[in-house]
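Take a look at the letters that make up each chain.
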Amino acid sequence: MIELRHLTKRYRTTTAVDDLTATIGPGVVTALVGPHGAGKTTLLRLVLGLVPPTRGTATVMGRRYADLPDPMRRVGVLLDPPGAHGGLRVRDHLLWLARSNGIPGRRVAEVCGLTGLEGAGRRRIRTLPPGLLLRLGIAGTLLGDPDTLIIDGPTTGFAPAGATWAGTLLRTLAGAGRTVLVTGRRIDELDGAADRFLVLNRGRLVADGSADDLVRADAAESVLVRCDDPGYLARRLTAAGAGVRFADRDALLVTGLRGADIHRLTVRCAVRLHELTPQHTTLEQAYRDLVGSRVAR
Amino acid sequence: MTRTVRPFLRAVWSEGTKLPSLPATRRVLLAAALLAAVLRVRQPAGAIAPDVGGYVLLQVLTAAAGALSVTSEYATGMMRLSMVAVPRRGLLLAAKAVVCAAACFAIGAVSGPAGGLYLALAGLAGVATGFLARSATAAWVLLVGAAVGDALLVRLLPDRPARAASRFSPTAAGDRFLDGRHAQSMPSPWAGAGLLAAVAVIALVSAFVVSHHREH
């Protein structure tokens, strides 16, 4: 359980996190998404006590992170960058992490087994391919068998196979009753992996809900209309306050009016209707509409 | 009590794992150990005082090891992970200081306890400088500057204040401490050691204050 109360972080000229209140509960994978500079990493650093808040509080299991005894036994953290020194061997990296929190050394071999790193223990971290680096990062989070996982951007710059593997693992961990918070810049990579999305833009929480909620709430939901005289209908629709643009020569994309209202209008002005199809936006589109044009590719 | 002691011991164990595993610190410490062994062999039989000239080089190596144990973490983002693993920054700094001081003491102790203490203090100054500077280059400039700078500054002063200042020069104090000779008009070797320790403690405290308020 992670609780944010009026969490605010101001720098001299910018507000990185702006009065954020949210509760991230157990049992589901919660994704924190937003474009570059939205405040995701700052938010995680506030939660982990790496930067102090200007105002508000962030607690993990009811306590400030810095006050947790043996924090890695309670919270597994993967940072971005992960902080694994390239000159260290995989085993030594996991060993110093384990020892810092009194975690027995045999857990190192166990988490290597859990993440498919068997046989890589003697390798230097800088020689690992990106897929194994991700596995090493996740292995580090699992060392203390924590109830809460905080993972900064596991899908950025990793091969799709690695992202799928991580997504499946996180779902399993959340399914076992753990609290899982993941961040990402691209919402489509987390679609299917996360149950709940917190959309952050310019430090503010602009949406909170499941993928379905986000799609349903998308203001730009549109209706495709095909008819005999699209030019005439377009003028009438615009007069009725709808947003209209041509999808192709004889099809209109109408926003701001529901299908039933459009149908009523066609009947009133005697335009023969060929097709009236609500266009379901994708999660990606809903996300773009939420954060404007600042979506990172 | 256990709320601080146990996390501290764990942090010490963790830092003790890092120090020989990180390539930078391992290499510099190995080089220092090798040099210390050579100096020990060259030490005349029966002499209790280590070779001061050799120790200036050794001191630079151990201070560099102390600094590298911190700056190599900052260079790779490892420091942030260390602070996530050990969120109490005072504990993290203290653990690094203790582990580094112990390693440096072991290296210097081959030529007697004075040598051990001297190198341990150099290592501590290195750790503190690493936290203050965060980059290896900046730490290097500060350490070398401190090692030779005070003698140069003393030389710039007029005669009388220069004599007064040289009484409090850490470098001169270190030389006297290693030498074990008690020159008249100068503080005793142990007062010199005290001065060195005070410098190391001041550096560590300022490193703690700075890193406590710094954002990571």
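As a reminder, the structure under discussion sits directly above these lines.
Positions within a chain are numbered from 1, following the residues in the order the chain's sequence is written. All chains are assigned letters beginning at A, and all ligands numbers beginning at 1, according to the order in which they are written. Note on the predicted model: pLDDT of at least 70 is required for a residue's local features to be given, and 80 or more for side-chain atom pairs to be given and counted; whole-chain, interface and lining totals, by contrast, use all residues. Side-chain measures were taken over the full set of non-hydrogen atoms in the model, leaving aside hydrogen atoms and water.

## Side note on the overall build of chain B
Argument step 1. A count of helical and extended segments in chain B gives 10 helices and zero strands.
Argument step 2. Reading the helices (α) and strands (β) of chain B from amino to carboxyl end gives α-α-α-α-α-α-α-α-α-α.
Argument step 3. Atoms counted for the radius of gyration: C-alpha only. Globule rule: 2.2 Å times residue count to the power 0.38. The C-alpha radius of gyration of chain B comes to 18 Å, within 12% of the 17 Å expected for a compact globule of 216 residues.
Argument step 4. Along the three orthogonal principal directions, the C-alpha set of chain B runs to about 50 × 40 × 35 Å.
Argument step 5. Contact criterion: two residues are considered in contact whenever any of their non-hydrogen atoms come within 4.5 Å of each other. The long-range fraction of contacts in chain B, counting pairs at least 24 apart against all pairs at least 6 apart in sequence, stands at 68%.
Argument step 6. Using a 1.4 Å probe, accessible areas were evaluated by the Shrake-Rupley method; residue-level cover was limited to the displayed protein chains. Counting every atom, chain B has about 10200 Å² of accessible surface; 71% of that belongs to carbon and sulfur.
Argument step 7. The average position of the 20 basic charges and that of the 8 acidic charges among the side chains of chain B differ by 8 Å. A run of H or I in DSSP counts as a helix once it spans at least four residues, and a run of E counts as a strand once it spans at least two, with each numbered from the N terminus. Counted as positive: Lys and Arg. Counted as negative: Asp and Glu. His and the chain ends are not counted at all. The atoms used to mark charge sites are NZ of Lys, CZ of Arg, CG of Asp and CD of Glu.

## Some thoughts on the pairing of strand β12 (residues 251–255) of chain A
Residues and elements named next belong to chain A.
Argument step 1. For the exposure calls, accessible area comes from a 1.4 Å probe over protein chains only, and a residue counts as buried if that area is under 20% of its type's maximum, exposed if over 50%, partly exposed in between. Here β12 lies mainly inside the structure; four of its five residues are buried.
Argument step 2. Pairs of strands are assigned from DSSP output, requiring at least two bridges between the strands. As judged from the five bridges shared by strand β10 (residues 222–227) and β12, these two strands associate in the antiparallel manner. Across the sheet, residue Val 225 finds its bridge partner in β12, namely Leu 252.
Argument step 3. Sheet topology places strand β11 (residues 243–248) next to β12; five bridges connect them, and they run antiparallel.

## Regarding the pattern of salt bridges
Residue and element names in this part refer to chain A.
Argument step 1. Any carboxyl oxygen of Asp or Glu within 4 Å of a side-chain nitrogen of Lys or Arg constitutes a salt bridge here. Scanning all chains against the criterion turns up 26 salt bridges over all chains.
Argument step 2. For the salt bridge of Asp 195 with Arg 171, the shortest nitrogen-to-oxygen distance reads 2.5 Å. Taken together, the positions of Asp 195 in the loop between α6 (187–190) and β8 (196–201) and Arg 171 in helix α5 (residues 160–175) put the pair 24 residues apart, joining distant regions of the chain.
Argument step 3. According to the relative accessible area criterion, Arg 171 is partly exposed, its value standing at 37%.
Argument step 4. Between Asp 261 and Arg 264 there is a salt bridge, with the nearest N and O atoms lying 3.3 Å from each other. Taken as a pair, Asp 261 and Arg 264 lie in helix α9 (residues 259–268) at a separation of three residues, close to a single helical turn.
Argument step 5. Judged by its relative accessible area of 23%, Asp 261 is partly exposed.
Argument step 6. One salt-bridge network, held together by shared partners, links Arg 226, Asp 248, Asp 250 and Glu 275.

## Concerning the nonpolar core
Argument step 1. Side-chain atoms within 4.5 Å link the members of a nonpolar core, which is a set of buried Ala, Val, Leu, Ile, Met, Phe, Trp, Tyr and Cys residues. Formed by 125 residues in total, the largest nonpolar core has its most connected members in Leu 4, Leu 94, Leu 143 and Phe 197 of chain A.
Argument step 2. Counting residues per element, this core draws most heavily on helix α5 (residues 89–108) of chain B, at 10 residues.
Argument step 3. Not counting chain neighbours up to four residues away, the residues in contact with Leu 4 of chain A comprise Leu 20, Thr 21, Ala 22, Ile 24, Leu 43, Val 47, Thr 57 and Ala 58 of chain A.

## Examining unusual backbone geometry
Argument step 1. Each neighbour pair has its own omega, and for Asp 80 of chain A with Pro 81 of chain A the value is 0°, a cis peptide bond.
Argument step 2. By the element assignment, Pro 81 of chain A lies in the loop between β5 (75–78) and α2 (90–100).
Argument step 3. A positive phi angle is found at Met 61 of chain A, which is not glycine, with a value near 50°.
Argument step 4. The phi torsion at Arg 134 of chain B lies on the positive side, around 70°, for a residue other than glycine.
Argument step 5. With respect to the helices and strands, the residue Arg 134 of chain B is situated in the loop between α6 (113–133) and α7 (136–156).

## Here we look at the sheet that holds strand β4 (residues 55–60) of chain A
All names here are of chain A.
Argument step 1. Reading across from one edge, β2-β1-β4 is the order of the three strands in this open sheet, with antiparallel pairing throughout. In this open sheet, the two strands that pair with only one neighbour each are β2 (15–24) and β4. Across the sheet, the axes of successive neighbouring strands diverge by a mean angle of 20°, strand direction being ignored.
Argument step 2. Looking at chain direction, strand β1 (residues 2–10) and β4 are connected through five bridges and run antiparallel. Paired with Glu 3 across the bridge in β4 is Thr 59. Axis lines are fitted through C-alpha atoms, for helices just across the contact stretch, and the angle between N-to-C directions can take any value from 0 to 180 degrees.

## Examining the pairing of strand β6 (residues 148–151) of chain A
Residues and elements named next belong to chain A.
Argument step 1. Residues of β6 alternate between two faces, with Thr 148 and Ile 150 on one and Leu 149 and Ile 151 on the opposite face, all of them buried.
Argument step 2. Where β5 meets β6, four bridges bridge the pair, whose relative direction is parallel. Pairing of Val 75 across the sheet is with Thr 148, part of β6.

## Let's talk about the side chain of Asp 70 of chain A
Argument step 1. Its place among the elements puts Asp 70 of chain A in the loop between β4 and β5.
Argument step 2. Residues in contact with Asp 70 of chain A, not counting those within four places in the same chain, are Asn 101 of chain A together with Arg 10 of chain B.

## Side note on the packing of aromatic side chains
Argument step 1. Stacked, edge-to-face and tilted labels apply to pairs of Phe, Tyr and Trp rings (six-membered ring for Trp) whose centres lie within 6.5 Å, assigned for plane angles under 30 degrees, over 60, and everything in between, in that order. Using the criterion set out here, one finds two aromatic pairs over all chains in the structure.
Argument step 2. Here the aromatic rings of Tyr 55 of chain B and Tyr 118 of chain B are separated by 6.2 Å at their centres, their planes lie at 55°, and the arrangement is tilted. Here the residue Tyr 55 of chain B occupies a position in helix α3 (residues 52–76), and Tyr 118 of chain B occupies one in helix α6, the gap between them amounting to 63 residues. With respect to class, Tyr 55 of chain B is no different from Tyr 118 of chain B; both count as buried.
Argument step 3. For the ring pair Phe 177 of chain B and Trp 190 of chain B, a centre distance of 5.1 Å and an interplane angle of 65° mean the geometry is edge-to-face. Of this pair, Phe 177 of chain B sits in helix α9 (residues 170–179) while Trp 190 of chain B is found in helix α10 (residues 189–213), placing the two residues 13 residues apart along the sequence.
Argument step 4. Taking the relative accessible area as the measure of exposure, Phe 177 of chain B reaches 4% and is therefore buried.
Argument step 5. Since its relative accessible area comes to 61%, Trp 190 of chain B is described here as exposed.
Argument step 6. Cation placement over rings: the criterion is NZ of Lys or CZ of Arg within 6 Å of the ring centroid and within 35° of the ring normal. Sitting over the ring of Trp 165 of chain A, Arg 135 of chain A keeps its end group 4.2 Å from the ring centre.

## Quick notes on the sheet that holds β5 of chain A
All names here are of chain A.
Argument step 1. One open sheet holds the six strands; their spatial order is β5-β6-β7-β3-β8-β9, and the pairing between them is mixed. The two strands at the open ends of the sheet, each matched to only one other strand, are β5 and β9 (204–209). The mean inter-strand angle of the sheet, taken between neighbouring strand axes irrespective of direction, is 15°.
Argument step 2. For strand β3 (residues 29–33) and β8, the ladder comprises four bridges, and the chain directions are parallel. Considered in β8, the bridge of Val 33 is made with Val 199.
Argument step 3. The strands touched by helix α4 (residues 130–142) within the sheet are β5 and β6, with β5 carrying the most contacts at an inclination of about 160°.

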